[in-house]
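The chain contents come next:
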Amino acid sequence: YSPIRNHAEELAKAEAGVDQLDLERVDRWYPKFHIASNGGWINDPNGLCRYKGRWHVYYQLHPYGTQWGPMHWGHVSSADMVSWRRDPIAMAPSLEEDKDGVFSGSAVVDDQGKLRFYYTGHRWNNGRNDADGQWQVQMLADAIDDDAIKLEKRGMVIDCPREKVDSHFRDPKVWKQDGVWHLIHGVSTADHRGQIWDYTSKDMVNWTFQNVLFDDPNPDVFMLECPDFFPLKDKNGDTKWVIVFSAMGSKAKGYMNRNENNAGYMIGTWKPGEAFKPETEFRLLDCGANYYAPQSFEADGRRIMYGWMSPFSENAPMQSDGWCGQMTLPRECYLGEDDDLHTVPVPEIDKLRINTFEHVARPIEANEETLIDEDAEAVEIELNIDLKDTTAERAGLKVHATPDGSCTYVAYDAQAATVVVDRLAAARGDRGYRAARLTDEELSADELKLRVYVDRGSVEVYVNDGRHVLSSYSYPSEGKRAVKLSAESGVLAVNKLTLHDM
Ligand code: FRU
């Protein structure tokens, strides 16, 4: 740990290396209201915070191409979480420890009010001669201006005990608990188990290994990326701890784990110095086709989370437009009456609404398709389905419906007791539907509430006030993008249908 050569030169080079997008030309799938790359590849949200009156989202960035590559930190900031300013690239590889990548990490404000960042320094050679040799260590950097634009690297704070670790050792998350700083990160152990380790510190620089916070019982999982850990109050006012991680290696089963890697959570209890005690099984944070590496932060008494809409293991046709990757909307996390985690868009997002149209509710006949909006490029749709009077086998919304007949279908499937997002032909070869399974309680309720955010290249579906979420890319073809109501083999009864142009 010592102040060392910084990254000014590398930053200038990276900034010049970004192929700035011509947004007029590439607006077919480029988001209107999601944070996205302005050229190059982006992945995980990093360093999320509210600092001196501004919201900050940093993100994993490869400025020199639309594929994953040597990682930098890109940066956007905002006064209102709605309109974002593109700030200069914040970090670039420049030190021996991070020469092949400035990997994911988090932000924290210290007791003097200084904004500090912990991140992973990545280099390919671990000095052990194994094929996938990576050497990953935890690093510190500090913001040196009020807008958190200039970051000064401080160097390594935790080296990797390479005899105990199988290459993966990354993604620090830091917070203060009962007067002690904690840093947790993900580990793949020498015997390929996915674990989360907890370090503690008094001065934020010298860290001591405390204990294994979590050892994933799933034998298929070999690494837990981007761990997060935070308390929430349950309905009785008791504190529960939520552990979040992005699991590598999990296998698909039923509706679970359908993506290459899958991000989810468990709810339980924790005392500092002890392991986390889960009281639930692993559940997905988002059942969509494109979701990974979420990170949360606390601001204004809220727990807010961003995730990355990941196109891993899919065609990513926006790459031919010169960009790849976007964030989900910011979601507030809370424990519901059902004791489960809910995530809903923060109310700030409502400020994006330009016009609102209330549709008169009426039952829709069997197999009928009803045109609701003939050109909805960016729109929020609230659809409350009357479960008592709906007899259709499947019913819901067709969005991104283009003249060639393709669409993405957001449907309540009464037989399978799910909400599905089926990218019928709007996935450019990545067909594959995703489903969220409804609970018995949800199925016996009077209505099912869907809130659907349609952006130019994605669909985000919130079911029953964020009890389930599904985020998927969707790439509509040429022509106007309609929204239709659809009911198969029966009637869809609608309690509420509201559209907000965004
Ligand atoms: C998750 C991840 C992190 C890592 C970063 C590298 O998507 O693999 O574990 O820090 O991305 O870009």
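Cut-offs used in this document
Along each chain, residues carry numbers from 1 onward, in the same order as the chain's sequence is written. Note on the predicted model: pLDDT of at least 70 is required for a residue's local features to be given, and 80 or more for side-chain atom pairs to be given and counted; whole-chain, interface and lining totals, by contrast, use all residues. The basis for every side-chain value is the complete set of non-hydrogen atoms in the structure, without hydrogens or water. UniProt positions are given in the numbering used here, feature names are shortened, and annotations may be inferred rather than shown by experiment. Where helices and strands are cited, they refer to DSSP runs of H or I of at least four residues and of E of at least two residues respectively, numbered from the N terminus. It is over C-alpha atoms that the radius of gyration is taken, and the globule rule equals 2.2 Å times the number of residues to the power 0.38. We call a residue buried when its accessible area falls under 20% of the maximum for its residue type, exposed when it is over 50%, and partly exposed in between, using a 1.4 Å probe and counting protein chains only. Here a residue-residue contact requires only that any non-hydrogen atoms of the pair lie within 4.5 Å. We get accessible surface area from the Shrake-Rupley algorithm with a probe of 1.4 Å; when it comes to residues, only the shown protein chains can shield them. Any Lys or Arg side-chain nitrogen located within 4 Å of an Asp or Glu carboxyl oxygen qualifies as a salt bridge. Nearness of a residue to a molecule or strand requires only that one of the residue's heavy atoms be within 4 Å of it. Throughout this description, a polar contact denotes any pair of N or O atoms lying within 3.5 Å of each other; where both atoms belong to protein, one of them has to be capable of donating a hydrogen while the other can accept it, and for residues adjacent in sequence the pair is counted only when both atoms sit in side chains. Stacked, tilted and edge-to-face are the three classes assigned to paired rings of Phe, Tyr and Trp, where Trp is represented by its six-membered ring and a pair needs centres within 6.5 Å; plane angles under 30 degrees give stacked, over 60 edge-to-face, the rest tilted. Only a pair of cysteine sulfur atoms within 2.5 Å counts as a disulfide in this structure description. Strand pairing follows a simple DSSP-based rule, namely that at least 2 bridges must link the two strands. Axis lines are fitted to C-alpha atoms, over the contacting stretch for helices. Their N-to-C directions set the angle, which ranges from 0 to 180 degrees. By definition, pLDDT measures how confident the predictor is in each residue, and it falls between 0 and 100. An arc is given here, and it is the one of the directions from the helix axis to the C-beta atoms. Like charges are joined within 9 Å and nonpolar side chains (Val, Leu, Ile, Met, Phe, Trp, Tyr) within 5 Å, but only among residues with over 30% relative accessible area and no salt bridge; these make up the patches.

- As named in an unreviewed UniProt entry, the protein is beta-fructofuranosidase, taken from Bifidobacterium bohemicum DSM 22767.
- If you open the UniProt record of the protein and go to Sequence similarities (unreviewed entry), you find "Belongs to the glycosyl hydrolase 32 family."

Digging into the overall build of the protein
Step number 1: The helix and strand tally for the protein stands at 2 helices and 35 strands.
Step number 2: Taken over C-alpha atoms, the radius of gyration comes to 23 Å for the protein, in line with the 23 Å a tight globule of 502 residues would show.
Step number 3: With 502 residues in all, the protein has 62% of them scored as buried.
Step number 4: The contacts of the protein with a sequence gap of at least 6 include a subset with a gap of at least 24, amounting to 61%.
Step number 5: Of the roughly 19,200 Å² of accessible surface on the protein, 47% is carried by carbon and sulfur atoms.

Some thoughts on the pattern of salt bridges
One side chain can pair with another of opposite charge once the charged atoms of both are near each other.
Step number 1: Inspection of the entire model under this criterion finds 40 salt bridges.
Step number 2: R28 is the partner of D321 in a salt bridge, and the nearest nitrogen-oxygen pair spans 2.8 Å. Of the two residues, D321 is situated in the loop between β19 (302-309) and β20 (323-324) and R28 in the loop between α1 (8-17) and β1 (40-51); the sequence distance between them amounts to 293 residues.
Step number 3: Of the residues examined, R28 reaches a relative accessible area of 33% and is grouped as partly exposed.
Step number 4: Of the charged contacts, one joins E348 and R302 as a salt bridge, the two residues approaching to 2.7 Å between their closest N and O atoms. Highlighted residues: E348 in the loop between β23 (341-345) and β24 (355-359) and R302 in strand β19, separated in sequence by 46 residues.

Here's the deal with the site of the ligand
Step number 1: Close contacts around the ligand come from N43, D44, Q60, W68, M71, F103, S104, R170, D171, E225, Y292 and W308, and that covers them all.
Step number 2: D44 places a polar side-chain atom, nitrogen or oxygen, 2.8 Å from an oxygen atom of the ligand.
Step number 3: Protein coverage of the free-state accessible area of the ligand, which is 320 Å², stands at 93%.
Step number 4: Counting residues per element, the ones that place at least two in the shell around the ligand are β1, β5 (102-109) and β9 (165-177).

Some thoughts on the packing of aromatic side chains
Step number 1: Within the structure shown, the criterion is met by 29 aromatic pairs.
Step number 2: Ring centres 5.7 Å apart and planes at 90 degrees place the aromatic pair F229 and F276 in the edge-to-face group. One end of the pair, F229, is in strand β13 (residues 223-233); the other, F276, is in the loop between β15 (262-269) and β16 (277-278), with 47 residues separating them in the sequence. The two residues F229 and F276 agree in class, both being buried.
Step number 3: Among the aromatic residues, those joined into a cluster by ring pairs are W175, F214, F229, W241, F245, W270, F276 and F282.

Describing the state of the cysteines
Step number 1: For the structure shown, the criterion picks out 0 disulfides.
Step number 2: Not engaged in a disulfide, the cysteine C226 finds its nearest cysteine sulfur in C333; these two sulfurs lie 15 Å apart.

Focus on the environment of M71
Step number 1: You can see M71 is positioned in the loop between β2 (54-62) and β3 (72-78).
Step number 2: Judged by relative accessible area, M71 falls into the buried class, the value being 0%.
Step number 3: For M71, the contacting residues outside a window of four places in its chain are W41, N43, Q60, L61, H62, P93, D100, G101, V102 and F103.

Brief notes about the sheet that holds β9
Step number 1: As summarised here, the arrangement of the 4 strands in space is β9-β10-β11-β12, forming an open sheet in which the pairing is antiparallel. Since the sheet does not close on itself, it has two edges, and those belong to β9 and β12 (208-215), each with one partner. Shown here is a sheet whose adjacent strand axes are inclined to one another by a mean of 25 degrees, direction ignored.

Remarks on the pairing of strand β4 (residues 85-91)
Step number 1: Note: β3 against β4, 4 bridges, orientation antiparallel. Paired with S77 across the bridge in β4 is R85.
Step number 2: The turn joining β3 and β4, which pair antiparallel and follow one another in sequence, is formed by 6 residues; a positive phi near 65 degrees is taken by M81.

Considering the confidence of the model for the protein
Step number 1: Confidence in the prediction for the protein averages 94 pLDDT; 98% of positions are at 70 or higher.
Step number 2: Per the prediction output, this complex has pTM 0.97; the corresponding ipTM is 0.99.

Structural notes on the side chain of S188
Step number 1: Relative to the helices and strands, S188 resides in strand β10 (residues 180-189).
Step number 2: In this view, S188 contacts K164, V165, D166, H168, R193, F222 and M223; residues no more than four positions away in its chain are not counted.

Observations regarding the sheet that holds strand β29 (residues 418-422)
Step number 1: As summarised here, the arrangement of the 6 strands in space is β25-β34-β27-β28-β29-β30, forming an open sheet in which the pairing is antiparallel. Of all strands in the sheet, those with a lone pairing partner are β25 (369-373) and β30 (433-437), marking the two edges. Going from strand to strand, the sheet's axes swing by 20 degrees on average, the running direction of each strand aside.
Step number 2: Note that β29 and β30 share 5 bridges and pair antiparallel. Counterpart to V421 in the pairing with β30 is R434.

Some details on the environment of E393
Step number 1: Relative to the assigned elements, E393 resides in the loop between β26 (379-386) and β27 (394-401).
Step number 2: Exposure remark for E393: the relative accessible area of 37% places this residue in the partly exposed category.
Step number 3: Taking the C-alpha atoms as reference, E393 lies 6.5 Å from G490; in sequence the two are 97 residues apart.

Let's talk about α1
Step number 1: Along α1, the residues classified as buried are E10, L11 and A14. Viewed end-on, α1 has its buried residues packed into an arc of 100 degrees, placing them on one side of the element. Opposite the buried face of α1, by more than 90 degrees, sit the exposed residues A8, E9, K13 and A16.
Step number 2: Buried residues along α1 sit in contact with β3 and β4.

Let's talk about a nonpolar patch on the surface
Step number 1: Judged by side-chain polarity, W68, W124 and F312 come together as a nonpolar surface patch covering roughly 310 Å² of accessible area.
Step number 2: Tracing the sequence through the fold places F312 in the loop between β19 and β20.

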